[in-house]
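Residues per chain are reported as follows:
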Amino acid sequence: MEKNEKLLEIHHLRKDYGNGPVLKDVSLDVHKGEVLVLIGPSGCGKSTFLRCMNGLESIQSGEILLDGQVISGDKTKWSEVRQKIGMVFQSYELFPHMTVIDNVLLGPLKVQKRNRQEAEEEAKKLLERVGLLDKKDVYPRQLSGGQKQRVAIVRALIMKPEIMLFDEVTAALDPEMVREVLDVMLELAKGGSTMVIVTHEMQFARAVADQVVFLDGGEIVEMDAPEAFFNCPKTKRAQKFLNTFTFESKDE
Amino acid sequence: MSEYAHLYVEAAKLTLGLGAAGILFSLIIGLVCSLVQYYKIPVLKRIVSVYIELSRNTPLLVQLFFLYFGLPKIGIMISSEGCAVIGLSFLGGSYMAEAFRSGLEAIENSQMESGLAIGLSHAQVMRYIIFPQALSISVPALCANVIFLIKETSVFSAVALADLMYVAKDLIGLYYQTDEALLMLVIAYLILLLPISLAAAWLERRLRYAGFGN
Ligand SMILES: Nc1ncnc2c1ncn2[C@@H]1O[C@H](COP(=O)(O)OP(=O)(O)O)[C@@H](O)[C@H]1O
Ligand SMILES: [Mg+2]
């Protein structure tokens, strides 16, 4: 796997919901095996940006390419593209009327028309990997938030995506469950997965990112390796944003 | 009086047969209307809302009179049975539409998105994710409508059908045995409706246990 091969390219993307641009002229390349962490203040367009990448939102102008193919056109076969771009949401979005294993198997069986036995074997392996094999036959409502989110990750992974998008996947979790989900993502990163992660967990961002992308006011304000970005952010806006995560001790 | 029991049985069969046909068409009309509303299909959406208002705000008796006595004046003759089924379907369709619609609307759009995100087509998301959940939410209202519609069949006698009401009225008129005739009528409706009520309760419980709709 060549590391500077471009997997996902976004050129001059503009997104407008109808009351002013949310993303204005955003360009970004994601290389194979790279982990990008996208941070920025609430409402700056992080979710919108991710949702444009897999076509959940239409774009006003610009271009998105996957493996060198334009996917932002009218004739895109989204079903095929989305198998290559996995996405995990903040609110898990498991299917409540299906057991854990059926949630995981829906894509492989109905989209990829894989053999049930083979798919089930893989589903079990993946569930085992995230420590949830014993939960395979329960319904989502019987799981904790952290467990639901790990199932959601498995449901995306089983499609064998080339890239995974994570949208604040720990933001709805109780603090003690955040770690178990982040660990799964760290594991994926170590395994060479290509990922774009939106998060407010700065320690995690530092640990997992190859590049940190700081989005503000609908544009990429700063992009750098995590050490450089967190230790000496170049822009005022990034400095100001990072300051909201630190507290001064009251004795100082 | 019991020698007339067979009359009630015949009448109950008629009520049940026409009722079942009316309910079946109600479900079909309701499903189609709810989908028109769900997808906000232009023009059709308007027609559906006019239909629903019309259907909900006119009594079945009036609808039946219109079909049976009104339409022949412009040359459209429909049999008593035809009028009964059309009338019941016209009434039931709007109630079923509301029941289906409330189920569909209860499912968050984010479920659609998470289905699309794993590569399912829109139609597949509807089939595997939205419909099963929506249906389980709609079931109690659908069952209540079925019972409501069967009760409404009691006005069928107005268009000269020998249904349960008709038989009871007939016997009262012939023999003046009002108490017995009415008692039989109540029993006949109970025998029809109790099993349906119980089946509905069982279905609701089952869907809940299966974890449908959370
Ligand atoms: N479906 C939508 N319709 C209209 N405006 C939206 C919609 N989704 C998001 N927005 C707006 O776009 C901006 C960016 O939102 P979002 O991408 O969710 O930000 P973030 O994920 O960074 O918090 C916000 O101002 C939000 O109000
Ligand atoms: Mg967001």
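Remember, it's a predicted structure, so these values are computed and weren't measured experimentally. (Residues numbered from 1 in each chain as written. Chains lettered and ligands numbered in written order. Predicted model: local features only at pLDDT ≥ 70, side-chain atom pairs only at ≥ 80, totals over all residues. Heavy atoms only, no water.)

Chemist: Could you clarify how one ought to interpret the interface of chain A and chain B in this entry?
Modeler: Accessible area lost when the parts come together is the quantity often used to give the size of an interface. Each side of the interface is counted separately: chain A has 24 residues, and chain B has 22 residues. Summed over both sides, the interface between chain A and chain B buries roughly 1,900 Å², with carbon and sulfur atoms accounting for 59% of that surface. Contact with chain B buries area across many residues of chain A, yet Pro96, His97 and Arg141 of chain A alone supply 28% of it, more than any other trio. Summed over the shared surface of chain A and chain B, the number is one salt bridge. Between Glu113 of chain B and Arg51 of chain A there is a salt bridge, and its shortest N-O distance comes to 2.8 Å. Run the count over chain A and chain B and you get nine residue pairs in polar contact (both at pLDDT 80 or more). Looking at the side of chain A that touches chain B, the elements with two or more residues in it are α2 (78–84), β6 (85–88) and α3 (100–111) of chain A. (Contact = heavy atoms within 4.5 Å. Buried area = accessible area lost by both parts, 1.4 Å probe. Salt bridge = Lys/Arg side-chain N within 4 Å of Asp/Glu carboxyl O. Polar contact = N/O pair within 3.5 Å; in protein donor to acceptor, adjacent residues only side chain to side chain. Helix = DSSP H or I, 4+ residues; strand = E, 2+ residues; numbered from the N terminus.)

Chemist: How should I be thinking about helix α6 (residues 175–190) of chain A in this particular structure?
Modeler: Each α-helix winds once per 3.6 residues, and so residues spaced three or four apart point in a common direction. Residues and elements named next belong to chain A. End to end, α6 covers 23 Å across 16 residues, agreeing with the expected 22 Å (1.5 Å per residue, within 8%). For α6, the full list of buried residues reads Met177, Val178, Val181, Leu182, Val184, Met185, Leu188 and Ala189. Within α6, the buried residues cover an arc of 150 degrees as seen down the axis, which keeps them to one side. Structural note: α6 exposes Glu176, Arg179 and Lys190 on the side pointing more than 90 degrees away from its buried face. Residues of α6 that are buried in the fold lie against β3 (35–39), α4 (116–129), α5 (145–157), β7 (163–167), β8 (194–198) and α7 (202–208). One or two positions beyond α6, positive phi appears at Gly192, with a value near 90 degrees. (Expected span 1.5 Å × (residues − 1). Buried < 20%, exposed > 50% of the residue type's maximum accessible area, 1.4 Å probe, protein only. Arc of directions from axis to C-beta.)

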